Amino acid sequence: MRDAVTRFIHHVQLDRDQSPETARAYASDLNDLVSFLDQRRGGEPAEPSDIDARLLRGWMADMHGRGLSASSVARHLSAARALFRWLAKRGEIALNPAAEVRNPKKAQRLPDRLDVEDVSAILEAPNATTFAGKRDRALLELLYGAGLRVSELVSLDLDDLHLGERTARVVGKGNKERIVPFGRKAADALRDYLKAAGGLRRGQDVDAVFLNQRGGRLTDRSVRRVLDAAVDKIALSRGVHPHVLRHSFATHLLESGMDLRAIQELLGHARLSTTQRYTRLALDRILEVYDQSH
């Protein structure tokens, strides 16, 4: 099994439609399965053909016992399905044992969101008189103003930006491209930052939009630190991760009357059902305002 997992991860890394984050997630989830099998079999290596649905259900029960959420268990099981599907396609096993195992039921959870006032305070928190402050303000303006995922933001190159048209070409999940608009404030912040960043453009990351102080491409973790610093500065009483800005962007558009299909296109959702979560979120907001007003 350990060898099968290693070969499968190598296959995923070479697949152009899969992101590096997907490969890392598969590796983590499948190594958890291998560890479970080693423990269950007393250290004796397991072959892929030894795995059946009953054993996988035991793995799920073990994960529940360790306190993993239903969504985490479902993600692990999805990785196992992908592995065994690949092995079956190669003829190394007869059937995919994970196909017989159902996902655990997940509690319906609405995405977090921020009020417009809180988002505005976060966007204005960076000190725009310094290079880092100019970059951070442009970064946050674009992250919220275009509803981007963090991975989409940090992978942007200069050729992807069209400041005159106020649009960006984004490569999202599944290597799918989309064009997203952004507002005048984001465009102004980007112009200010790009002018300040001119002297840092050297080496292999010369085309990256967002740079660190050494001229390298900014990472996902750096974006999270930027947002954490902004939240701390305005003393917001709750933690905010970058995806909350994306959720807030979608909800604010919906509350302003934008069509759900248009929001789906902007966010790059493959299915409308993913976008439809925001209809419930907007309704909850309306009821909250009603209760406060009456």
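One can find the structure itself at the top, above this paragraph.
Every chain begins its residue count from 1, and numbering advances along the sequence as written. Thresholds applied to this predicted model are a pLDDT of at least 70 for local features of residues and 80 or more for the giving and counting of side-chain atom pairs; totals over whole chains, interfaces and linings are not thresholded and use all residues. The basis for every side-chain value is the complete set of heavy atoms in the structure, and neither hydrogens nor water enter the calculation.

Chemist: I'd like a rundown of the packing of aromatic side chains, residues and numbers included.
Modeler: Within 6.5 Å between ring centres, the rings of Phe, Tyr and Trp (the latter by its six-membered ring) count as paired, and their orientation is classed by plane angle as stacked under 30 degrees, edge-to-face over 60, tilted in between. Considering all chains together, one arrives at five aromatic pairs under this definition. Centre to centre, the rings of phenylalanine 131 and tyrosine 193 are 5.9 Å apart; their planes meet at 40 degrees, and the pair counts as tilted. Of this pair, phenylalanine 131 sits in helix 6 (residues 131–145) while tyrosine 193 is found in helix 8 (residues 184–196), placing the two residues 62 residues apart along the sequence. With respect to class, phenylalanine 131 is no different from tyrosine 193; both count as buried. Relative to phenylalanine 249, the ring of tyrosine 144 has its centre 6.3 Å away and its plane inclined at 85 degrees; by these criteria the two rings are edge-to-face. Placement of the pair is tyrosine 144 in helix 6 and phenylalanine 249 in helix 10 (residues 242–255), with a sequence separation of 105 residues. For the pair tyrosine 144 and phenylalanine 249, one class covers both residues: buried. To qualify as a helix, a DSSP run of H or I must reach at least 4 residues; to qualify as a strand, a run of E must reach at least 2; elements of each kind are numbered from the N terminus. Relative accessibility under 20% of the residue-type maximum defines a buried residue, over 50% an exposed one, and the middle range a partly exposed one, all with a 1.4 Å probe and only protein chains included.

Chemist: I'd like a description of the pairing of strand 3 (residues 177–181), backed by residues and values.
Modeler: The side chains of a regular strand alternate between both faces of the sheet. Of the two faces of strand 3, only one is covered, namely that formed by Arg178 and Val180; the face formed by Glu177, Ile179 and Pro181 stays uncovered. Examined bridge by bridge, strand 2 (residues 167–171) and strand 3 share five bridges and lie antiparallel to one another. Opposite alanine 168, over in strand 3, you have valine 180 as the bridge partner. For two strands to count as paired, DSSP must find a minimum of two bridges between them. What sits between strand 2 and strand 3 in their antiparallel hairpin is a turn of five residues, with glycine 174 showing a positive phi close to 70 degrees.

Chemist: Requested: an account of the nonpolar core, with residues and values cited.
Modeler: One finds Leu140, Leu142, Leu148, Phe182, Tyr193 and Phe210 to be the most contacted residues of the largest nonpolar core, which totals 53 residues. Counting only elements with at least two residues in this core, the list comes to helix 5 (116–123), helix 6, helix 7 (150–154), strand 2, helix 8, helix 9 (220–233), helix 10 and helix 11 (260–267). Tallying contributions element by element places helix 6 first for this core, with seven residues. By the convention used here, residues are in contact when the closest approach between their heavy atoms is within 4.5 Å. If sequence neighbours within four positions are ignored, leucine 140 has contacts with Ile122, Leu123, Pro126, Val226, Leu227, Ala230 and Leu245. Ranked by size, the runner-up nonpolar core spans 34 residues in total, among them Val12, Met60, Leu77 and Leu87. We call a set of buried residues a nonpolar core when its members are Ala, Val, Leu, Ile, Met, Phe, Trp, Tyr or Cys and they connect through side-chain atoms within 4.5 Å of each other.

Chemist: Now, about the environment of proline 104: what can you tell me, with residues and values included?
Modeler: For proline 104, the location among the structural elements is in the loop between helix 4 (70–89) and helix 5. C-alpha of proline 104 to C-alpha of alanine 70: the two residues are 34 residues apart in sequence and 5.8 Å apart in space. Apart from residues lying up to four places away in sequence, proline 104 is in contact with Met60, His64, Ala70, Val73 and Ala74.

Chemist: Outline helix 6, listing residues and values.
Modeler: For helix 6, spanning 15 residues, the distance from its first C-alpha to its last is 21 Å, which sits close to the expected 21 Å at 1.5 Å a residue. For helix 6, the tally of buried residues reaches twelve of 15 residues, placing the bulk of the element in the interior. Burial in helix 6 covers these residues: Phe131, Gly133, Lys134, Arg135, Asp136, Ala138, Leu139, Leu140, Glu141, Leu142, Leu143 and Tyr144. In the core, the buried residues of helix 6 are packed alongside helix 5, helix 7, strand 1 (161–162), helix 8, helix 9 and helix 10. Expected span of a helix, by definition, is 1.5 Å for each gap between consecutive residues, and there is one gap fewer than residues.

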